Amino acid sequence: MTVRTILTWPDGGLSAMCTPVEAITDEIRILAADMLETMYAAPGRGLAAPQIGVLQRLFVMDATWKEGTATPVICINPEVISRGSEETTNAEGCLSIPGVTADVTRPTEVRMVWTDLSGRVHEEDLTGFSALCAQHELDHLDGIVTLDRVDAEQRAEILAAYEAA
């Protein structure tokens, strides 16, 4: 496994729409392993393929490892198929916009479908931090960063802090 370089904003790749993974190959398995290694080393709780320059619909996350229990999830071609009506606003950090957070409002529950490395399709309800993390990573696959989820005033404040860092 290799720790890869995480692209930082405003790299153009972070604004690109990713293409579906066509097949689960050895390349995809290596990519997923490298992404987990990179995420843990960063240290983060999620990492999407475009954050390391690969424009494919794949992300990894581990919502619980910082509390002591590692539960890595590899999501190939993930899709949210429904969202709960309850929302929350949280300060979100992003490995591609280091040193700053953005107050982002998201549903607290989503139903997501994805394929794992063995080709098995999962359909699960994600709640709490897992739901928020998955939505953040899915945004990356659609070329969206946290800066795109805030109003102009908050964006200006975040950019000022980011550029000063």
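Heads up: the structure comes first, above all this text.
Quick look at the structure, then. (Residues numbered from 1 in each chain as written. Predicted model: local features only at pLDDT ≥ 70, side-chain atom pairs only at ≥ 80, totals over all residues. Heavy atoms only, no water.)

Thoughts on the overall build of the protein chain
Tallying secondary structure elements over the protein chain gives 3 helices and 7 strands in all. Along the protein chain, helices and strands appear, N-terminal first, in the series α-β-β-β-β-β-β-β-α-α. Relative to a compact globule of 165 residues, whose C-alpha radius of gyration would be 15 Å, the protein chain shows 15 Å and is just as compact. Its C-alpha atoms give the protein chain principal-axis dimensions of roughly 45 × 35 × 35 Å. Taking all 165 residues of the protein chain together, the buried fraction comes to 44%. Within the protein chain, contacts between residues separated by at least 24 positions form 62% of all contacts whose residues are at least 6 apart in sequence. Per element, the accessible surface of the protein chain, about 8,100 Å² overall, is 50% carbon and sulfur. The averaged location of the 26 negative side-chain charges in the protein chain is 3 Å from the averaged location of its 11 positive side-chain charges. (Helix = DSSP H or I, 4+ residues; strand = E, 2+ residues; numbered from the N terminus. Rg over C-alpha atoms; globule rule 2.2 N^0.38 Å. Buried < 20%, exposed > 50% of the residue type's maximum accessible area, 1.4 Å probe, protein only. Contact = heavy atoms within 4.5 Å. Areas by Shrake-Rupley, 256 points an atom, 1.4 Å probe, with all protein chains shown as cover. Lys, Arg positive; Asp, Glu negative; His and termini not counted. Charge placed at Lys NZ, Arg CZ, Asp CG, Glu CD.)

Thoughts on the pattern of salt bridges
Summed over all chains, the structure comprises 10 salt bridges. Linking Arg 4 and Asp 34 is a salt bridge whose minimum nitrogen-to-oxygen distance equals 2.9 Å. A residue pair is termed long-range when its members are at least 10 positions apart, and Arg 4 in the segment before α1 (26-41) and Asp 34 in helix α1 qualify at 30 residues. On the basis of relative accessible area, Arg 4 is assigned to the partly exposed category, the value being 29%. The class of Asp 34 is buried, set by a relative accessible area of 5%. With its nearest N and O atoms 3.0 Å apart, the salt bridge here joins Asp 139 to Arg 106. (Salt bridge = Lys/Arg side-chain N within 4 Å of Asp/Glu carboxyl O.)

Some remarks on the side chain of Thr 38
Here Thr 38 shows up in helix α1. Looking at Thr 38, the relative accessible area reads 1%, which means it is buried. Of the polar contacts made by the side chain of Thr 38, one reaches the backbone nitrogen of Arg 4; its length is 2.8 Å. Beyond its immediate stretch of four places on either side in the chain, Thr 38 contacts Thr 2, Val 3, Arg 4, Ile 6, Leu 47 and Ile 52. (Polar contact = N/O pair within 3.5 Å; in protein donor to acceptor, adjacent residues only side chain to side chain.)

Quick notes on the sheet that holds strand β6 (residues 109-115)
Taken in spatial order, the 5 strands make up an open sheet running β1-β2-β3-β6-β7, and their pairing is antiparallel. Among the strands making up the open sheet, the edge pair consists of β1 (46-48) and β7 (121-127). Averaged over all pairs of adjacent strands, the angle between strand axes in this sheet comes to 40°, irrespective of strand direction. Across the sheet, helix α2 (residues 128-141) is in contact with β1, β2 (58-61), β3 (73-83), β6 and β7; its angle to β2 comes to roughly 150°. (Pairing = 2+ DSSP bridges. Axes fitted to C-alpha atoms, helices over the stretch in contact; angles between N-to-C directions.)

Thoughts on the packing of aromatic side chains
Applying the stated criterion across every chain, the model contains 2 aromatic pairs. Judged by centre distance (6.2 Å) and plane angle (70°), the rings of Trp 9 and Tyr 162 are edge-to-face. Highlighted residues: Trp 9 in the segment before α1 and Tyr 162 in helix α3 (residues 152-164), separated in sequence by 153 residues. The exposure class assigned to Trp 9 is buried, which follows from its relative accessible area of 18%. Using a relative accessible area of 14% as the deciding quantity, one classes Tyr 162 as buried. (Phe/Tyr/Trp six-rings, centres within 6.5 Å; stacked < 30°, edge-to-face > 60°.)

Digging into the side chain of Ser 96
Turning to its location among the elements, Ser 96 is positioned in the loop between β4 (87-93) and β5 (101-107). There is a polar contact of 3.0 Å between the side chain of Ser 96 and the side chain of Gln 51. If we ignore the near neighbours within four places in the chain, the residues touching Ser 96 are Ile 6, Leu 7, Thr 8, Trp 9, Leu 14, Gln 51 and Tyr 162.

Describing the environment of Cys 94
Among the structural elements, Cys 94 can be located in the loop between β4 and β5. Residue Cys 94 is classed as buried on the basis of its relative accessible area, which comes to 8%. Between the C-alpha atoms of Cys 94 and Ala 32, which are 62 residues apart in sequence, the distance is 19 Å. Not counting chain neighbours up to four residues away, the residues in contact with Cys 94 comprise Gln 51, Val 100, His 136 and His 140.

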